Amino acid sequence: MYETTYHRPASVAEAVSLFSNASDGRFLAGGQTLIPTMKQRLAAPSDVIDVGKIAEMRGIEVSGDTVSIGAAMTHAEVAASEAVRGAIPALAGMAGMIGDPAVRHRGTLGGSLANNDPAADYPAGVLALGATIHTDKREIAAEDFFQGMFSTALEDGEVITRVVFQVPEKAAYAKFRNPASGYAMAGVFVARMKDGAVRVGVTGASGNGVFRSSEIEQALLGSWSAEAIAPLAISPEDMLSDIHGSAAYRANLVKVMARRAVASIA
Amino acid sequence: MSTIALKVNGKDVSAEVEDRTLLVELLREELKLTGTHIGCDTSQCGACVVHVDGVAMKSCTMFAIQADGAEIRTIEGVAQQGALHPMQAAFAEHHGLQCGFCTPGMIMTAIDMVRRLGSDLDEATIRHELEGNICRCTGYQNIVKAIQAGARAMASQ
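Since we're looking at a predicted model, the values are computed, not measured.

Basis of the calculations
- Position labels on residues start from 1 in each chain and follow its written sequence.
- Chains and ligands are labelled sequentially in the order written, the chains with letters from A and the ligands with numbers from 1.
- Whole-chain, interface and lining totals are the exception, using all residues; otherwise, since this is a predicted model, local features are given only for residues with pLDDT of at least 70 and side-chain atom pairs are given and counted only at 80 or more.
- Only hydrogens and water are set aside when side-chain values are computed; all heavy atoms of the structure are taken into account.
- Put simply, DSSP H or I for four residues or longer makes a helix, DSSP E for two residues or longer makes a strand, and each gets a number counted from the N terminus.
- Put simply, the radius of gyration uses C-alpha atoms, and a globule should come to 2.2 Å times the residue count raised to 0.38.
- The cut-offs for exposure are 20% and 50% of the maximum accessible area for each residue type, with area from a 1.4 Å probe on protein chains only; residues under the lower value are buried, those over the upper are exposed, and the others partly exposed.
- All axes here are fitted lines through C-alpha atoms, helices being fitted over the stretch that makes contact, and every angle between N-to-C directions spans 0 to 180 degrees.
- Angular relationships are summarised with four words: roughly parallel below 35 degrees, roughly antiparallel beyond 145, roughly perpendicular across 65 to 115, and oblique for the angles in between.
- Handedness of a crossing follows from how the near helix is turned relative to the far one, being left-handed for an anticlockwise turn of less than a right angle and right-handed for a clockwise one.
- When checking whether two residues touch, look at their non-hydrogen atoms; a contact exists if any pair is within 4.5 Å.
- Polarity classes work like this: nonpolar for Ala, Val, Leu, Ile, Met, Phe, Trp, Tyr, Cys and Pro, charged for Asp, Glu, Lys and Arg, and polar for all others, with Gly in that last group.
- We call two strands paired when DSSP finds no fewer than two bridges between them.
- Domain limits in this description derive from either an automatic procedure or a database domain assignment.

Engineer: Sorry, what's going on with the overall build of chain A here?
Structural biologist: On a plain count of helices and strands, chain A comes out with twelve helices and twelve strands. On C-alpha atoms alone, chain A measures out to a radius of gyration of 18 Å, which is about the 18 Å that the 2.2 N^0.38 rule sets for 266 residues. Its C-alpha atoms put chain A at 55 × 45 × 30 Å along the principal axes. When each of the 266 residues of chain A is scored for burial, the buried share is 57%.

So, in structure tokens, the structure goes:
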């Protein structure tokens, strides 16, 4: 790893100011992607600004129809939270499926979203639940946030502080893990919102990163059942194709995961 | 360079570290606690798992400076008064190892598993929980048996 300078700011304002003074700064949340990347010398930030312990980026609040989760909350904390398990059990369940136990003890919600790995789980949940991403500067709707793999609406030096999720009527997540790496080859988060809208977020499968499947949404709007998805032919266009699976295989996995997710709560 | 103060296996330690020093490098190279292993360098194998403030973490995937003020427990610190920790004893009893390289990480993960999930662990749960610990010798059969027995032994202690 190349040399770097580590900072642990106490507030979001201090973190942002440290970033603007750095020649090539990077925010560090749980570090479960950034640190391995630095070890491989694929990233060499001059300054690492640790936002993982900032108080205003912590905590979980449920109020009415929303769940607000601090960006620095770890996957293990979200998975174990009684508040999240009560309001959106599918979200807590999904957090408990990320990586492995030791990774879940450090990795964070904000870090996962800012990185926007095409196989990350959280983006599917954020998109399906119509979440709003709060930063130090503004609020960004999930639709506008994800902009292709490893790419987001965040500007340089902008920090995610909280994510506010809508509580759905019901929701579920199913993923097919790559048997070696454990990463999602297809992960589908289905949600029926309280106003009747259906939202489906798909991760792991597309070359463009996380996306909403309008075909599956339309089918579920007609009838909320696994059978409604069965006749669909998901297009393999834009799907990833690599040694782990062809585009057609991944397109089929998306359908199968959507059916499993719906069946798990039908 | 920064000076950090932490507690390692119950002892106060102060160390001078570079900002880029990983926790596992501090443990192995400065403190000579070589029971914590480096298996993969890509955060997958779990040979480096230690407890940071009581919680299992991969010491190759955090900076030493992030452990400033923390309490660290490594495999060297789990035995009590010269007696093996029940989880260590179970690994010996059930032969939960072959070459032994992954064993420290397995045991630290197993103790954390019991902390979170209790001592009544079925085989499927244990196998799933070992997702972040790789063994290239055993095929996991005896590791699972050892953890199941070790968990029960921890409860009766």
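Engineer: Just to check I follow, could you spell out the packing of helix α2 (residues 86-93) of chain B against helix α3 (residues 103-117) of chain B for this structure?
Structural biologist: A pair of packed helices is captured by two measures, namely the crossing angle of their axes and the spacing between those axes. Residue and element names in this part refer to chain B. For the pair α2 and α3, interaxial distance at closest approach is 10 Å and the crossing angle is 125°. In terms of orientation, α2 lies oblique with respect to α3. For the element pair α2 and α3, the recorded crossing hand is right-handed. Contact residues: Met87, Gln88 and Phe91 in α2; Thr103, Met106, Ile107, Ala110, Ile111 and Val114 in α3. Grouping the constituent residues of the contact of α2 with α3 by class yields seven nonpolar, two polar and no charged.

Engineer: What's the story with the pairing of strand β2 (residues 11-17) of chain B in this structure? I'm lost.
Structural biologist: Residues in a regular strand point their side chains to alternate faces of the sheet. Residue and element names in this part refer to chain B. Bridge analysis of strand β1 (residues 2-8) against β2 gives seven bridges, and the strand direction is antiparallel. Residue Leu6 lies in a different strand from β2, and its bridge partner there is Val13. Here β1 hands over to β2 after two residues, with Asn9 in that stretch at a positive phi of 50°.

Engineer: Please clarify how the sheet that holds strand β3 (residues 47-50) of chain A should be interpreted in this entry.
Structural biologist: Hydrogen bonds along the backbone pair up the strands of a sheet, which may run parallel or antiparallel. Residue and element names in this part refer to chain A. Pairing within the open sheet is parallel, and its three strands lie in the order β1-β3-β2. On the outer flanks of this sheet lie β1 (5-7) and β2 (25-28), each paired with one strand and no other. Taking each pair of neighbouring strands and ignoring which way they run, the sheet shows an average axis angle of 25°. Direction of pairing for β1 relative to β3: parallel, over a ladder of three bridges. Bridging across to β3, His7 finds its partner in Ile49. Together, β1, β2 and β3 form the strand contacts of helix α1 (residues 12-21), whose direction differs from that of β2 by roughly 150°.

Engineer: I'm lost on the domain arrangement of chain A in this one. Help?
Structural biologist: Here chain A is partitioned into domain 1 (5-50), domain 2 (58-166) and domain 3 (170-265). Here the C-alpha centre of domain 3 of chain A lies 34 Å away from the C-alpha centre of domain 1 of chain A.

Engineer: Explanation requested: the packing of α2(B) against helix α5 (residues 141-155) of chain B in the structure shown.
Structural biologist: Residues and elements named next belong to chain B. One way to put it is that α2 packs onto α5 with a least axis distance of 8 Å and a crossing angle of 140°. Like other packed secondary-structure pairs, α2 and α5 cross with a definite hand, here right-handed. Judged by residue contacts, Pro86, Met87, Ala90 and Phe91 of α2 engage Ile143, Ala146, Ile147, Ala149, Gly150, Ala151, Ala153 and Met154 from α5. In terms of residue class, the contact of α2 with α5 is made up of eleven nonpolar, one polar and no charged.

Engineer: Mind showing me how you'd approach the environment of A:Ala92 here?
Structural biologist: Residue and element names in this part refer to chain A. Looking at the secondary structure, you find Ala92 in helix α5 (residues 89-95). Sequence-wise, Ala92 and Glu143 are 51 residues apart; in three dimensions their C-alpha atoms are separated by 21 Å. Non-local contacts of Ala92, meaning those with residues more than four positions away in its chain, are made with Val78, Ala79, Val84 and Arg85.

Engineer: For this particular structure, what's the right way to read the sheet that holds β1(B)?
Structural biologist: Residue and element names in this part refer to chain B. One open sheet holds the five strands; their spatial order is β2-β1-β5-β3-β4, and the pairing between them is mixed. Strands with a single pairing partner mark the edges of an open sheet, and in this sheet they are β2 and β4 (55-58). Averaged over all pairs of adjacent strands, the angle between their axes in this sheet comes to 40°, without regard to strand direction. Pairing analysis gives two bridges linking strand β3 (residues 49-52) to strand β5 (residues 71-73), with the strands arranged antiparallel. Residue pairing across strands places Val52 opposite Ile72, the latter belonging to β5. This element, α3, spans β3, β4 and β5 of the sheet and lies at about 45° to β3.

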